[in-house]
Amino acid sequence: MEVLQGKAVFSGIAIGKISILKKEESDIKRKHVENTATEIARLENAKTKGIAQLQKLYDKAVQEVGESGAAIFEVHQMMMDDDDYMDSIKNIIETEAVNAEYAVATTGDNFAAMFSSMDDDYMKARAADVKDISDRLVRILSGTDNEDMDSDDPVIVVAEDLAPSETVQMDKSKVLAFVTRLGSSNSHTAILARTMNIPALINIEFTNSMNGKTAIVDGKNGTFLVEPDEETLEKYKKLKEEELHQAEMLRSMKGKETVTKGGRPIKLYANIGGMSDVASVLQNDAGGIGLFRSEFIYLEKDNYPTEEEQFQIYKTVAQNMAGKKVIIRTLDIGADKQIDYFNMDHEENPAMGYRAIRICLDRPEIFKTQLRALFRASMYGNIAIMYPMIISVKEVLQIKEIVKEVQAELTEQGIPFKADIEQGVMIETPASVIISDLLAKEVDFFSIGTNDLTQYTLAIDRQNAKLDNIYDSHHEAILRMIQMVVDNAHKEGIWAGICGELGADTSLTEKFVQMGVDELSVSPTFILPIRKIIRDMD
Ligand code: PEP
Ligand code: MG
């Protein structure tokens, strides 16, 4: 048995087989080959396998997001089978006598460059698709296409690091736990693990030879036990049983109000990343959704989601929540959430860069599409909108102008919407805390994003694993800021909540309630434990 010590970012115990997530080699080697016919045969095989993989993805996507959402995988199949594309690859293999991986990557780059240079926006967007299918073929050719994730048994996913887009695309029913060498507890991947209720460890120095071996993830102590002995295995099986028992006990909190003994009600809402998380919100009996990170809709796609696609998602979530509050945050990309088709420039310091509301105000056509979808969906439930990364009143006034324009267009087109839905801002920059007295006059609520607020206040990159031990959300500066925001909100008669990860820190629940925090929005799995603490409070 090998015991590796790391850091837990979400607790819980998982027992199962390790599947090491291999990433494609970013640097594909050009190799001279003697036999080009063998390379072409390898290419043909890879194509057949690639098309079959895409068909599987299509079938899965039809189930999960419907036919229109799945259509992209059909397009990818056609592209992979396209004669021009295949001929170009074969031509490179034959004329240059090189390996298939190199020929595929070169053709992928060439085609992508050609598409990108076109005037037509639709064709431009095909650049990302051709890169995507080429990457798939290269992965198949080089044997790095993570077959284990296609097997039926759920596995412990082990990787160097995981990007939010990779995590979100995984079939959650096949993941027992996440284990990474890199990453930090405040990264979006860690947040997703919490939402998915999956134990997760970071800072684990695994080796590739561990692939396929049985292991235990101990999300309480942050340990990873590879090839455990019988005694350890038995011990952990028992602990797992206790964990399930504990969960059973918490279920008794379902259906109960979130109110202190003294009668003070607290809004206890859930954070979600997409439609598929709503089941967990309902299962854990959240009072509403306090943060729908809408950027995951954009991250899951290869091109800008249309108004109609977004409308369908917001409408479905609102309907499924049956009149409970659904606070949807407008697009918050940039920093660790990068999207190829936004074609953003490389930035030295993306967390402080072109992100979130800054992009939306700079590219109002993207913002308006989302706002139209949101206002249209407002007819189907209790939707509220919140805006991320605010630093000034001026931004709020600009947003209001754009909202007005969107509403005027909808009215003119005879499209129904609710004009007076709640609109709030995220308080996640020190500037917004300091001017929260002024912001409170302009909005209906505040939601404190402690993840970013901590990184900007303490000047500690939330993604930097090296600084994880000093990234301290309990810092007195943060707690004072929360108090200031709550007080300024109440002076103007609006409510203030916390939707950052700190909101789920059960060691602070009582303190938050005493500070006057009106709402806590947390990963669905924290709803019942926090409800219990609040109900036990005087
Ligand atoms: C936050 O910053 O606390 C927050 C909730 O937003 P995100 O984690 O998505 O940046
Ligand atoms: Mg944030």
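Residues numbered from 1 in each chain as written. Chains lettered and ligands numbered in written order. Predicted model: local features only at pLDDT ≥ 70, side-chain atom pairs only at ≥ 80, totals over all residues. Heavy atoms only, no water.

Asker: Can you lay out the overall build of the protein for me, pointing to particular residues and giving the numbers?
Answerer: Across its full length, the protein holds 19 helices and 16 strands. Here the C-alpha atoms of the protein give a radius of gyration of 25 Å, agreeing with the 24 Å that 2.2 N^0.38 yields for 538 residues. In terms of principal-axis extent, the alpha carbons of the protein reach across some 80 × 70 × 40 Å. Of all 538 residues assigned to the protein, the portion counted as buried reaches 53%. Contacts in the protein between residues far apart in sequence, at least 24 positions, make up 69% of those at least 6 positions apart. Of the roughly 23,500 Å² of accessible surface on the protein, 50% is carried by carbon and sulfur atoms. Considering the protein, the positive charge centre built from 60 side chains and the negative charge centre built from 89 side chains are found 5 Å apart. (Helix = DSSP H or I, 4+ residues; strand = E, 2+ residues; numbered from the N terminus. Rg over C-alpha atoms; globule rule 2.2 N^0.38 Å. Buried < 20%, exposed > 50% of the residue type's maximum accessible area, 1.4 Å probe, protein only. Contact = heavy atoms within 4.5 Å. Areas by Shrake-Rupley, 256 points an atom, 1.4 Å probe, with all protein chains shown as cover. Lys, Arg positive; Asp, Glu negative; His and termini not counted. Charge placed at Lys NZ, Arg CZ, Asp CG, Glu CD.)

Asker: A description of the coordination of the magnesium ion (ligand 2) should follow, citing residues and the corresponding values.
Answerer: Each protein donor to the magnesium ion (ligand 2) is listed here as E428 (OE) and D452 (OD); together their distances run 2.0 to 2.1 Å. With E428 in the loop between strand 13 (423-427) and helix 14 (430-434) and D452 in helix 16 (residues 450-458), this residue pair connects regions lying 24 residues apart in the sequence. Comparing E428 with D452 shows no difference in burial state: the two are buried. (Donors = N, O, S within 2.8 Å, 3.2 Å for Na, K, Ca; no water.)

Asker: Go over the site of ligand 1, please, and point to the residues and values.
Answerer: Close to ligand 1 lie 16 residues, the nearest being R293, R329, G449, N451 and R462. R329 places a polar side-chain atom, nitrogen or oxygen, 2.8 Å from an oxygen atom of ligand 1. For ligand 1, an oxygen atom lies 2.9 Å from a polar atom in the side chain of E428. Computed on the free molecule, ligand 1 has an accessible area of 290 Å², of which 100% lies beneath the protein chains in the complex. Per-element tally for the shell around ligand 1: the top contributor is helix 16, with three residues. Class assignment of the residues belonging to the shell around ligand 1 gives a composition of four nonpolar, five polar and seven charged. (Near = heavy atom within 4 Å. Polar contact = N/O pair within 3.5 Å; in protein donor to acceptor, adjacent residues only side chain to side chain. Nonpolar A, V, L, I, M, F, W, Y, C, P; charged D, E, K, R; others polar.)

Asker: Tell me what's going on with the nonpolar core, and back it up with residues and numbers.
Answerer: Judged by nonpolar contacts, the single largest core of 102 residues is most densely connected at F178, Y314, L371, Y387, F446, I482 and F512. Lining this core are residues from two domains, each supplying at least three of them: domain 1 (2-20 + 152-166 + 174-231) and domain 3 (267-536). The residues touching F446, leaving out its near neighbours within four places in the chain, are V425, I427, S436, L439, A440, V485, A489, I494, W495, A496 and G497. Within the second largest apolar cluster, 30 residues are counted, among which are I40, L54, Y58 and I140. (Core = buried A, V, L, I, M, F, W, Y, C linked by side-chain atoms within 4.5 Å. Domains from an automatic or database assignment.)

Asker: Which residues make up the sheet that holds strand 6 (residues 200-202), and what values do they have?
Answerer: Pairing is mixed in the open sheet, where eight strands are placed in the order 1-8-7-3-4-5-6-2. The open sheet terminates on both sides in strands that have one partner only, identified here as strand 1 (2-5) and strand 2 (7-10). Adjacent strand axes in the sheet meet at a mean angle of 30 degrees when their direction is disregarded. Relative to strand 4 (residues 155-159), strand 3 (residues 13-20) runs parallel, the two being bridged by four bridges. Bridge pairing links S19 to V157 in strand 4. With respect to the sheet, helix 6 (residues 188-196) is in contact with strand 2, strand 5 (175-180) and strand 6, its orientation differing from that of strand 2 by roughly 55 degrees. Those strands touched by helix 7 (residues 230-250) are strand 3, strand 7 (214-218) and strand 8 (223-226), and its axis lies near 120 degrees from that of strand 3. (Pairing = 2+ DSSP bridges. Axes fitted to C-alpha atoms, helices over the stretch in contact; angles between N-to-C directions.)

Asker: Tell me about the environment of V403, residues and numbers included.
Answerer: Here V403 shows up in helix 13 (residues 393-412). Put simply, V403 and A247 are 156 residues apart on the chain and 43 Å apart in space, counted from C-alpha to C-alpha. Residues in contact with V403, not counting those within four places in the same chain, are L371, F375, Y387 and Q423.

Asker: I'd love a proper account of the side chain of R126, names of residues and values included.
Answerer: Residue position: R126 is located in helix 4 (residues 121-141). Residue classification places R126 among the buried positions, given a relative accessible area of 8%. At 2.6 Å, the side chain of R126 forms a polar contact with the side chain of D129.

Asker: Hey, could you go over the domain arrangement of the protein for me, with residue numbers and the actual values?
Answerer: Accessible area lost upon the coming together of the parts serves often as the stated size of an interface. The domain boundaries assigned to the protein delineate domain 1 (2-20 + 152-166 + 174-231), domain 2 (36-142) and domain 3 (267-536). Taking only C-alpha atoms, the centre of domain 1 and the centre of domain 3 are 28 Å apart. Each side of the interface is counted separately: domain 1 has 17 residues, and domain 3 has 20 residues. Of all residues in domain 1, N186, H188 and T195 give up the largest surface area on contact with domain 3, accounting jointly for 40% of the area buried on that side. Our count for the domain 1 to domain 3 interface comes out at two salt bridges. Here E501 ties to R194 by a salt bridge, and the two come within 2.3 Å at their closest N and O atoms. Top element by residues in the side of domain 1 that touches domain 3 is helix 6. It accounts for five residues. (Buried area = accessible area lost by both parts, 1.4 Å probe. Salt bridge = Lys/Arg side-chain N within 4 Å of Asp/Glu carboxyl O.)

Asker: Let's hear about the pairing of strand 15 (residues 495-498): which residues, and what values?
Answerer: Of the two faces of strand 15, the one lined by W495 and G497 and the one lined by A496 and I498 are each fully buried. With four bridges connecting them, strand 14 (residues 445-448) and strand 15 associate as parallel partners. Following the sheet pairing, I448 is matched in strand 15 by I498. The parallel pair strand 15 and strand 16 (residues 519-522) is bridged by helix 18 (residues 509-515), and the resulting crossover is right-handed. (Right-handed = clockwise from strand over helix to strand, strands pointing away.)

Asker: Pulling in residues and values, what's your account of the pattern of salt bridges?
Answerer: Scanning the entire structure with this criterion turns up 35 salt bridges. Residue R531 is joined to D285 by a salt bridge in which the shortest nitrogen-to-oxygen separation is 2.8 Å. Of this pair, R531 sits in helix 19 (residues 527-535) while D285 sits in the loop between helix 8 (278-283) and strand 10 (288-293), and the two are 246 residues apart along the sequence. R531 gets classed as buried once you look at its relative accessible area, which sits at 3%. A salt bridge links K301 to E309; the nearest nitrogen and oxygen atoms lie 3.3 Å apart. Through salt bridges that share partners, E295, R329, D332, K337, R355, D452 and R462 make up one connected network.

Asker: Provide a residue-level description of the packing of aromatic side chains, including the pertinent values.
Answerer: Enumeration according to the criterion identifies eleven aromatic pairs in this entry. Aromatic pair Y85 and F111: ring centres 5.7 Å apart, planes at 80 degrees, arrangement edge-to-face. Of the two residues, Y85 sits in helix 2 (residues 83-96) while F111 sits in helix 3 (residues 100-116), which places them 26 residues apart along the sequence. A centroid spacing of 6.1 Å and a plane angle of 80 degrees characterise the contact between F367 and Y387, whose relative ring orientation is edge-to-face. Of this pair, F367 sits in helix 12 (residues 364-377) while Y387 sits in strand 12 (residues 382-387), and the two are 20 residues apart along the sequence. In this structure, R181 is placed above the aromatic ring of F206, and the distance from its NZ or CZ to the ring centre is 4.4 Å. Lying over the aromatic face of F311, R376 brings its terminal NZ or CZ to 3.9 Å of the ring centre. (Phe/Tyr/Trp six-rings, centres within 6.5 Å; stacked < 30°, edge-to-face > 60°. Lys NZ or Arg CZ within 6 Å of the ring centre and 35° of its normal.)

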